[in-house]
Amino acid sequence: QVQLVESGGGLVQAGGSLRLSCAASGTIVSFNTVGWHRQAPGKQRELVAAIFSSGRTNYADSVKGRFTISRDNVKNTVYLQMNSLQPEDTAVYYCNVRGSSGWYDGYWGQGTQVTVSS
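Rules used in this analysis
- Residues numbered from 1 in each chain as written.
- Predicted model: local features only at pLDDT ≥ 70, side-chain atom pairs only at ≥ 80, totals over all residues.
- Heavy atoms only, no water.
- Core = buried A, V, L, I, M, F, W, Y, C linked by side-chain atoms within 4.5 Å.
- Buried < 20%, exposed > 50% of the residue type's maximum accessible area, 1.4 Å probe, protein only.
- Helix = DSSP H or I, 4+ residues; strand = E, 2+ residues; numbered from the N terminus.
- Lys, Arg positive; Asp, Glu negative; His and termini not counted.
- Salt bridge = Lys/Arg side-chain N within 4 Å of Asp/Glu carboxyl O.
- Polar contact = N/O pair within 3.5 Å; in protein donor to acceptor, adjacent residues only side chain to side chain.

### Comments concerning the nonpolar core
Right, so step 1: If you look at the biggest cluster of nonpolar residues, it comprises 29 residues, and the most contacted ones within it are Trp-36, Phe-67, Val-78, Leu-80, Met-82 and Tyr-93.
Right, so step 2: Every element with two or more residues in this core is listed here: strand E3 (18–24), helix H1 (28–31), strand E4 (33–39), strand E5 (46–51), strand E7 (67–72), strand E8 (77–82), strand E9 (91–99) and strand E11 (112–117).

Now the structure itself:
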């Protein structure tokens, strides 16, 4: 069973930074696409950043230039470095793995709360 554990969230002032971690079981990080998603209250979950098994990355337009996704294959961990945080970044952040038919519904964890104050 895949296990994904998010951590690193917290309360920060606008303009601040946080680094989120997604610790995964097995070799998920190195052999699969892993993405960070976020969901704000009353809003739909959105994909923020993804890293493919090749190492290629992509980002939502709203976070380009501010967020960086990376991975450590040895630690089986994916990170999301978030800089220049703004109040609109406030959300619960989740990581997940992409399968052949999309993100695995059963892999959503508890997420980690990011709150950015103005």
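### With respect to the side chain of Glu-6
Right, so step 1: Mapped onto the elements, Glu-6 comes out in strand E1 (residues 4–7).
Right, so step 2: Within the buried core, Glu-6 has no salt-bridge partner, and the shortest N-O distance to an opposite charge, that of Arg-45, equals 8.8 Å.
Right, so step 3: A distance of 3.0 Å separates a polar side-chain atom of Glu-6 from the backbone nitrogen of Cys-95.
Right, so step 4: One polar contact links the side chain of Glu-6 to the main-chain amide nitrogen of Gly-111, over a distance of 3.2 Å.

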